[in-house]
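Take a look at the letters that make up each chain.
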Amino acid sequence: MNFLEPAPTWFDLNFRLFSASVRVSGWFWILPVLLGVACASFLGPSCYFVAIGCCFVSILLHEFGHVLAGRRFGTDSYIVLNGFGGV
């Protein structure tokens, strides 16, 4: 566990993707939900879940870039998505 990681809770979503452990903290969803509400207020309610999905996928892909770079240099790593991004 890293000092930047939030403590695990029972709200966390845990899974493995491309042999990397991923933990999505319950706190992670605050920012995507707020962005989804803002998007829905301007573009309509159908954009709510699209905005949340885009935020989740883009941050997850970014963090996988760090995992791939770490693998290139021989380290084993994992991803924790928290309040304002990932670790």
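Because the structure is predicted, anything quoted here is derived from the model rather than measured.

Structural notes on the pairing of strand β2 (residues 20–24)
Burial runs high along β2: 4 of the 5 residues are buried. Across 5 bridges, the pairing between strand β1 (residues 13–17) and β2 is antiparallel. Opposite leucine 17, over in β2, you have alanine 20 as the bridge partner. If you look at the hairpin formed by β1 and β2, you'll find 2 residues sitting between the two strands, and phenylalanine 18 has a positive phi there, around 55°. Of the pairings in the sheet, the one linking β2 to strand β3 (residues 79–82) comprises 3 bridges and is parallel in character. Across the sheet, residue arginine 23 finds its bridge partner in β3, namely valine 80.

Definitions and cut-offs
Residues numbered from 1 in each chain as written. Predicted model: local features only at pLDDT ≥ 70, side-chain atom pairs only at ≥ 80, totals over all residues. Heavy atoms only, no water. Buried < 20%, exposed > 50% of the residue type's maximum accessible area, 1.4 Å probe, protein only. Helix = DSSP H or I, 4+ residues; strand = E, 2+ residues; numbered from the N terminus. Pairing = 2+ DSSP bridges.

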